Protein chains: 2
Amino acid sequence: MKNLKILITGGAGFIGSHAVERLYRENQVTVFDNLSSGKIEHIKNFNIKFVKGDVRNKEEILKVMEDKDIVLHLAANPDVRRGEVDNFIDMEVNFIGTYNVLESMRLRDVKGIIFSSSSTIYGEAPIPTKEDYGPLEPISFYGASKLAAESYISAFSHMYGIKGISLRFANVVGARGTHGVIYDFIRKLMKDKSKLEILGDGTQTKSYLHVSDCIDGLIFAFENSVKIYDEYNLGTEDTTNVLEIARIVVEEMNLENVRLFTTGGEGGRGWKGDVKNMHLSIDKIKSLGWRPRMGSTEAVRLAARELIGEIYGKENTNSGSGL
Amino acid sequence: MKNLKILITGGAGFIGSHAVERLYRENQVTVFDNLSSGKIEHIKNFNIKFVKGDVRNKEEILKVMEDKDIVLHLAANPDVRRGEVDNFIDMEVNFIGTYNVLESMRLRDVKGIIFSSSSTIYGEAPIPTKEDYGPLEPISFYGASKLAAESYISAFSHMYGIKGISLRFANVVGARGTHGVIYDFIRKLMKDKSKLEILGDGTQTKSYLHVSDCIDGLIFAFENSVKIYDEYNLGTEDTTNVLEIARIVVEEMNLENVRLFTTGGEGGRGWKGDVKNMHLSIDKIKSLGWRPRMGSTEAVRLAARELIGEIYGKENTNSGSGL
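Residues numbered from 1 in each chain as written. Chains lettered and ligands numbered in written order. Predicted model: local features only at pLDDT ≥ 70, side-chain atom pairs only at ≥ 80, totals over all residues.

> Tell me about the overall build of chain A, residues and numbers included.
Each helix and strand in chain A was counted, giving 9 helices and 14 strands. Relative to a compact globule of 323 residues, whose C-alpha radius of gyration would be 20 Å, chain A shows 19 Å and is just as compact. Over its C-alpha atoms, taken along the principal directions, chain A stretches across nearly 60 × 50 × 40 Å. In chain A, which comprises 323 residues, the share counted as buried stands at 53%. Long-range contacts, defined as pairs at least 24 residues apart, comprise 78% of the intrachain contacts of chain A with a sequence gap of at least 6. (Helix = DSSP H or I, 4+ residues; strand = E, 2+ residues; numbered from the N terminus. Rg over C-alpha atoms; globule rule 2.2 N^0.38 Å. Buried ≥ 20, exposed ≤ 12 C-beta atoms within 10 Å, placed from the backbone. Contact = placed C-beta atoms within 7 Å.)

> Please set out the interface of chain B and chain A residue by residue, giving values where relevant.
Accessible area lost upon the coming together of the parts serves often as the stated size of an interface. The partner chain A presents 31 residues to the 31 residues of chain B that form the contact. Where the side of chain B that touches chain A is concerned, the elements lending two or more residues are helix 3 (89–108), helix 4 (141–160) and strand 11 (229–234) of chain B. Sorting elements by how many residues they give to the side of chain B that touches chain A places helix 4 of chain B first, with 11 residues. In terms of residue class, the side of chain B that touches chain A is made up of 16 nonpolar, 9 polar and 6 charged. (Nonpolar A, V, L, I, M, F, W, Y, C, P; charged D, E, K, R; others polar.)

> Please provide a residue-by-residue account of the relation of the copies chain B and chain A, values included.
Overlaying chain B with chain A gives an RMSD of 0.0 Å, the required rotation being 180° about an axis along which the chain moves by 0.0 Å. These values place the two chain copies in the arrangement generated by a two-fold rotation axis. In terms of proximity to the rotation axis, the leading residue of chain B is A148(B), whose C-alpha is 2.0 Å off the axis. A share of 100% of the interface residues of chain B reappears at the interface of chain A, consistent with the copies meeting face to face through the same patch. (Least-squares fit on C-alpha atoms with pLDDT ≥ 70 in both.)

> Can you lay out the sheet that holds strand 2 (residues 28–33) of chain A for me, pointing to particular residues and giving the numbers?
Residues and elements named next belong to chain A. In spatial order, the strands read 3-2-1-4-5-6-11; together these 7 strands make up an open sheet with parallel pairing. Looking at which strands have only one partner, the edges of the open sheet turn out to be strand 3 (49–52) and strand 11 (229–234). The sheet shows a mean angle of 20° between the axes of neighbouring strands, direction not considered. Across 6 bridges, the pairing between strand 6 (residues 163–169) and strand 11 is parallel. Residue F169 lies in a different strand from strand 11, and its bridge partner there is L234. Across the sheet, helix 3 (residues 89–108) lies against strand 1 (5–9), strand 4 (70–73) and strand 5 (112–118), angled at about 175° from strand 4, the strand it touches most. Against the sheet, helix 6 (residues 211–224) engages strand 5, strand 6 and strand 11, with an angle of about 150° to strand 6. (Pairing = 2+ DSSP bridges. Axes fitted to C-alpha atoms, helices over the stretch in contact; angles between N-to-C directions.)

> Lay out the environment of T262(B) in plain terms, naming residues and giving numbers.
Residue and element names in this part refer to chain B. Looking at where T262 falls in the secondary structure, it is placed in strand 13 (residues 259–262). Overall, T262 belongs to the partly exposed group, with 18 C-beta atoms counted inside 10 Å. Between the alpha carbons of T262 and I153 there is a distance of 40 Å; along the sequence they are 109 residues apart.

> Requested: an account of the domain arrangement of chain A, with residues and values cited.
Residues and elements named next belong to chain A. According to the domain assignment, chain A consists of domain 1 (5–174 + 209–234) and domain 2 (181–205 + 238–318). Between the C-alpha centres of domain 1 and domain 2 there is a distance of 24 Å. Taken together, the 28 residues of domain 1 in the interface contact 25 residues of domain 2. For the side of domain 1 that touches domain 2, the elements supplying multiple residues, two or more each, are strand 10 (208–210), helix 6 and strand 11. In terms of residues, the side of domain 1 that touches domain 2 owes the most to one element, helix 6, which gives 5 residues. Across the side of domain 1 that touches domain 2, the residue classes tally to 10 nonpolar, 11 polar and 7 charged. (Domains from an automatic or database assignment.)

> Help me get a handle on the sheet that holds strand 12 (residues 240–241) of chain A, residues and values and all.
Residue and element names in this part refer to chain A. Spatial ordering of the open sheet is given by 12-9-14, a layout of 3 strands whose pairing is mixed. One side of each edge strand has no neighbouring strand; the edge strands of this open sheet are strand 12 and strand 14 (277–278). Pairing between strand 9 (residues 205–206) and strand 12: 2 bridges, direction antiparallel. Along strand 12, the bridge assignment pairs K206 with T240.

> Can you lay out the packing of helix 2 (residues 58–65) of chain B against helix 3 of chain B for me, pointing to particular residues and giving the numbers?
All names here are of chain B. Two elements in contact, helix 2 and helix 3, have axes whose closest approach is 9 Å; the angle formed by their N-to-C orientations is 45°. With respect to each other, helix 2 and helix 3 are oriented oblique. Considering the relative orientation of helix 2 and helix 3, their crossing is right-handed. Of the residues in helix 3, those touching helix 2 at K58, I61, L62 and M65 are N100, V101, S104, M105, L107 and R108. In terms of residue class, the contact of helix 2 with helix 3 is built from 6 nonpolar, 2 polar and 2 charged. (Parallel < 35°, antiparallel > 145°, perpendicular 65-115°, else oblique. Left-handed = near helix turned anticlockwise from the far one by under 90°.)

> How would you sum up the confidence of the model for chain A? Please name residues and give values.
Looking at chain A, pLDDT values average 95 and 97% of them are 70 or higher. Across the whole predicted complex the pTM is 0.95, and at the interface the ipTM reaches 0.95. (pLDDT = per-residue confidence, 0-100.)

> Lay out the environment of G264(B) in plain terms, naming residues and giving numbers.
Relative to the assigned elements, G264(B) resides in the loop between strand 13 and strand 14 (277–278). The spacing of G264(B) and L199(B) is 65 residues in sequence and 6.9 Å in space, taken between C-alpha atoms.

> How would you summarise the nonpolar core if you had to cite specific residues and measurements?
Most often, soluble globular proteins keep nonpolar side chains buried together rather than apart. Counting 189 residues, the largest nonpolar core has Y152(A), I182(A), Y152(B) and I182(B) as its most contacted members. Here the element with the most residues in this core is helix 4 (residues 141–160) of chain A; it accounts for 11 residues. Sequence-distant contacts of Y152(B), defined by excluding residues within four places in its chain, comprise A144(A), A148(A), T98(B), Y99(B) and L102(B). (Core = buried A, V, L, I, M, F, W, Y, C linked by C-beta atoms within 7 Å.)

> Provide a residue-level description of unusual backbone geometry, including the pertinent values.
Residues and elements named next belong to chain A. The residue after G134, namely P135, is reached through a cis peptide bond having omega -5°. Mapped onto the fold, P135 is located in the loop between strand 5 and helix 4. In this structure, L35 takes a positive phi of about 60° despite not being glycine. Turning to its location among the elements, L35 is positioned in the loop between strand 2 and strand 3. Of note, N257 is a non-glycine position whose phi angle comes to about 55°, a positive value. As for its placement among the helices and strands, N257 is situated in the loop between helix 7 (242–252) and strand 13 (259–262).

Written out as structure tokens, the structure reads:
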């Protein structure tokens, strides 16, 4: 991906800032972010244009779409669990936001979109789950909003000749993450080093993709995909479980004698709407010639190390003690 | 379906008014309709409650949801082709409207929904198309909006214990229809009996379900479905093509020497976003014990007869000549 004018929505966020870092040298990158979970400091060292704005606002997104070649659309509510208490946020941000992006693309004649979809669109599907699995019955609002967004990308692609691609991400982990099990465990252990509460029964088994592989895979998929619209799973070939992640985090924090305990949860889930076992087949993207460098356990360990360094660094900076 | 308080959205419309006719004797039926394509005269002879309102308006739908047992959600933009010139209407009416219905159901503790989905969610899938076909890549905004709506019904079902069912309709035809190929042909022939323009190349082959079978099937599916959320195709076991439909309409109008000609169209389609060949597998609902009484050709012929009678009746009434 070179010499393109790329708009990255959510570009100051977790995955977004890694995309910026990867793409800004060889392309003209504009970041569009409302800074609700993204942070300016994530991208301040890169030579890019930053526009503060919200995908829910049609005028704001239309304005920034002028003269772009492609859109990497990552802006979304990043908190899958929030749907438990609020079924509107995913609909508005993830779905309506995507519709607004697509309609602005049509109006400004922008001809390519890479979309951050999710394994959650499959609901509780048999694993490893292939892209052609059906019927799609998401069990969370996050999953429903991502599937709704995919549907519209498909229609916009076919109706207006926009090249679209939906990447269905496994759990993406790494530096600058602000949600998810690793982040939660570190936060909890910083408050109390004697014990660690694990949501669900601890046997939830999922695939974890390091953010560096995620960026690598999504660029590769867009460049090598042939159809006007297509979808690819993006994950690893293995899985790990929540109890194992707890042990890795404890180890990486150099803690000892931490008492791990589980909350149980309905059907062993971490929360209502949580898919208990997630493993995406990555045969489709492998057939294009790509595979992730890290497996799930390796990705989790590296992410834990990165997040621990970051969080401790920040805490120390905040308290004025430095590092 | 007996002794239930049923809310029928779009109940004054084509499919809706047939549902009312079928259900009002043994249930307490409330019709909610904005009368944009529905008509009061369709339901004036039935003992029901009518509330004029729009599913796009949260307050209106919430008010009418009070004290209902189930919702038959048919309110939608009925014009698949309109997406060609307006990509917003389906999103707003079919998708946001469905979200509003679902959220009102949650707030008023209504525990069942029957949803009118569509064959168009499959995009250009191999035929006959089964419910578990994937990946779903709709090529029209109508199809995208229906798939987006299905996604949310699935999530609401799983998150709040609402029994949901999506019926993916083939082309539904019959009395009181206001759109579609049969209706269009009759209208055109009434204007000019010497020739009939056929959109596309005339070989478009699709499955046509008579509205009486449609109502029968959707009630049967809801009553016999076991999962908290499920989806069923609703169609016939055969198909017919557009040229054949033209011949049937000409015959039923007792016309002779009508010159049929086709417009061609991109890839032989009737319009941009038209799926050229549609045939739904109905094995899944058949395995529950249901099958339609009419095949496609029979349904088309009966619908043509019904619509011709209706349209001529109306024209004659309007001109004061009676019948």
